[in-house]
Amino acid sequence: MEIIRDRVDYDGTVVALGNFDGLHVAHMTIIRNGIQYARENNLKSGILLFEENTKGVTRGKIELITPNEAKIELLEREKPDFVFMEKFNKEFMRKTPDEFARYLSENLRAKAVCVGYDYSFGFKARGDVNMLKALGKKYGFDVIVTEAIKLRGKIVASTYIRQLIKSGDMEEAERFLGRRYCIEGNVIRGKQNGRKMGLPTANVQYDINMALPMEGVYAGITYVNGGRYKSVINVGKNLTFDAKHLTVESHILDFDEDIYGEYIRVSFAKRLRGVIKFDSMNELKKQIQHDMEITSKMDL
């Protein structure tokens with residue numbers, strides 16, 4: 001898979017279009033439809049990704065579900081020919097629908113584009129799927145539309161997935177994402193409270209723009225140095241120690257290595273409980289040990 005930031009040199013392409021902020025089940029369907037269409041029509045398959053989240057630029061702060069680094073990793077598994085990385089700056093944002101369609105034809109050599117049923121484009125989102133089809137006829141590309149995808153009676157959408165994450169329903173979020181929700185970053189030094197109890201934690205320096213699960217304790221997996229380990233993950237301010245800052249800390253089971261500075265990923269499988277303020281460090285330690293015992297028996 002080639003990462004392109006300038007112009008496409010292929011003779012003809014099929015490009016998946018969308019904000020793709022979650023790369024959830026519906027997004028992946030759009031992308032897979034494009035890859036299949038490209039293979040059937042002897043074209044190159046690609047995805048247009050923006051280096052900046054488009055809604056973050058137009059609306060201000062947005063809670064990310066999948067950062068670009070993780071998107072690239074996920075897309076590589078689908079084996080498209082390329083990902084086109086574009087800057088979403090003020091100049092690009094002001095493209096009219098017609099200018100955007102011409103850009104697809106000239107810069108991406110599009111012979112077909114794949115979009116969702118509710119796709120919008122152009123300055124102030126003035127273009128919709130019907131306009132895109134009309135412009136496709138003008139600039140020589142077909143438009144393949146993926147209709148709404150529903151699970152459990154709900155349309156798969158990033159907004160709903162954010163709600164699930166923030167409510168702590170990680171099992172339902174996993175169904176709609178098609179994978180477990182993850183937070184990643186370097187391991188940094190915290191207050192060392194876990195180590196003082198003999199239960200060291202990996203304190204994740206996460207991207208502050210990420211959507212965080214509801215404060216609480218979760219069973220999940222920590223990925224570090226090629227290994228996969230069951231973990232008890234705490235999200236929140238440690239009430240027992242009167243902590244002021246919200247942290248994401250992973251108690252990694254059956255693991256005793258110094259990983260300060262290492263880049264890790266934690267995935268959330270199930271919420272075990274809410275946050276509790278304990279009267280003593282000993283009570284906290286007993287609860288964490290109980291959480292770890294439960295997690296060790298889970299099929300993760």
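Residues numbered from 1 in each chain as written. Predicted model: local features only at pLDDT ≥ 70, side-chain atom pairs only at ≥ 80, totals over all residues. Heavy atoms only, no water.

## Considerations on the sheet that holds strand 12 (residues 227-236)
Logical step 1: Around the barrel, six strands lie side by side as 9-10-13-12-11-14; this closed barrel has antiparallel pairing. Adjacent strand axes in the sheet meet at a mean angle of 45°, parallel and antiparallel pairs treated alike.
Logical step 2: Pairing of strand 9 (residues 181-188) with strand 14 (residues 263-273) involves six bridges; the strand directions are antiparallel. Across the sheet, E184 pairs through a bridge with R265, a residue of strand 14.
Logical step 3: Set on the sheet, helix 10 (residues 281-296) makes contact with strand 11 (216-224), strand 12, strand 13 (247-252) and strand 14; between it and strand 12 the angle comes to about 140°. (Pairing = 2+ DSSP bridges. Helix = DSSP H or I, 4+ residues; strand = E, 2+ residues; numbered from the N terminus. Axes fitted to C-alpha atoms, helices over the stretch in contact; angles between N-to-C directions. Contact = heavy atoms within 4.5 Å.)

## Some points on the packing of aromatic side chains
Logical step 1: According to the stated counting rule, one finds 13 aromatic pairs in the structure shown.
Logical step 2: Between Y10 and F82, the ring centres sit 5.5 Å apart and the planes meet at 40°, which makes this aromatic pair tilted. Placement of Y10 in the loop between strand 1 (2-4) and strand 2 (13-16) and of F82 in strand 4 (residues 82-86) is noted, with a sequence separation of 72 residues between them. Accessibility assignment for this pair places Y10 and F82 in one class, buried.
Logical step 3: Seen in terms of ring centroids, Y218 and F268 are 5.4 Å apart; in terms of plane orientation they differ by 90°. Their pairing is edge-to-face. Of this pair, Y218 sits in strand 11 while F268 sits in strand 14, placing them 50 residues apart in sequence. (Phe/Tyr/Trp six-rings, centres within 6.5 Å; stacked < 30°, edge-to-face > 60°. Buried < 20%, exposed > 50% of the residue type's maximum accessible area, 1.4 Å probe, protein only.)

## Structural notes on the environment of N41
Logical step 1: Structurally, the position occupied by N41 is in the loop between helix 1 (25-40) and strand 3 (44-50).
Logical step 2: Sequence separation between N41 and E215 is 174 residues; the distance between their C-alpha atoms is 49 Å.
Logical step 3: One polar contact links the side chain of N41 to the main-chain carbonyl oxygen of Y37, over a distance of 2.8 Å. (Polar contact = N/O pair within 3.5 Å; in protein donor to acceptor, adjacent residues only side chain to side chain.)

## A look at a negative patch on the surface
Logical step 1: A surface patch of negative charge is lined by D256, E257, D258 and E262.
Logical step 2: Within the fold, D258 resides in the loop between strand 13 and strand 14.
Logical step 3: The class of D258 is exposed, set by a relative accessible area of 62%. (Patch = residues over 30% accessible without salt bridge, like charges linked within 9 Å, V, L, I, M, F, W, Y side chains within 5 Å. Areas by Shrake-Rupley, 256 points an atom, 1.4 Å probe, with all protein chains shown as cover. Salt bridge = Lys/Arg side-chain N within 4 Å of Asp/Glu carboxyl O. Lys, Arg positive; Asp, Glu negative; His and termini not counted. Charge placed at Lys NZ, Arg CZ, Asp CG, Glu CD.)

## Describing unusual backbone geometry
Logical step 1: Within the chain, R109 stands out as a residue other than glycine whose phi angle is a positive 55°.
Logical step 2: By the element assignment, R109 lies in the loop between helix 5 (97-107) and strand 5 (110-116).
Logical step 3: If you check the backbone angles, R152 has positive phi at about 55° while not being a glycine.

## Notes on the packing of helix 5 against helix 6 (residues 129-139)
Each pair of packed helices can be described by the angle between their axes along with the distance between the axes.
Logical step 1: Close contact between helix 5 and helix 6 brings their axes to 10 Å; oriented N to C, the two are set at 50°. One way to sum up the angle between helix 5 and helix 6 is to call them oblique. Between helix 5 and helix 6 lies a crossing of right-handed hand. On helix 6, the residues touching P97, D98, A101, R102 and S105 of helix 5 are M131, L135, K138 and Y139.
Logical step 2: A breakdown of the residues in the contact of helix 5 with helix 6 according to their chemical character gives five nonpolar, one polar and three charged. (Parallel < 35°, antiparallel > 145°, perpendicular 65-115°, else oblique. Left-handed = near helix turned anticlockwise from the far one by under 90°. Nonpolar A, V, L, I, M, F, W, Y, C, P; charged D, E, K, R; others polar.)

## So, a positive patch on the surface
Logical step 1: Residues K90, R94, K124 and R126 make up a contiguous surface patch of positive charge.
Logical step 2: Among the secondary structure elements, K124 is positioned in the loop between strand 5 and helix 6.
Logical step 3: What makes K124 exposed here is its relative accessible area of 63%.

## Observations regarding the side chain of S250
Logical step 1: Examined against the element boundaries, S250 turns out to sit in strand 13.
Logical step 2: Looking at S250, its side chain comes within polar contact range of the side chain of S231, at 3.4 Å.
Logical step 3: Look past the residues within four positions of S250 in its chain and what remains in contact with it is P200, T201, A202, T222, S231, V232, I233 and V266.

So yeah, pure geometry; function would need other evidence.
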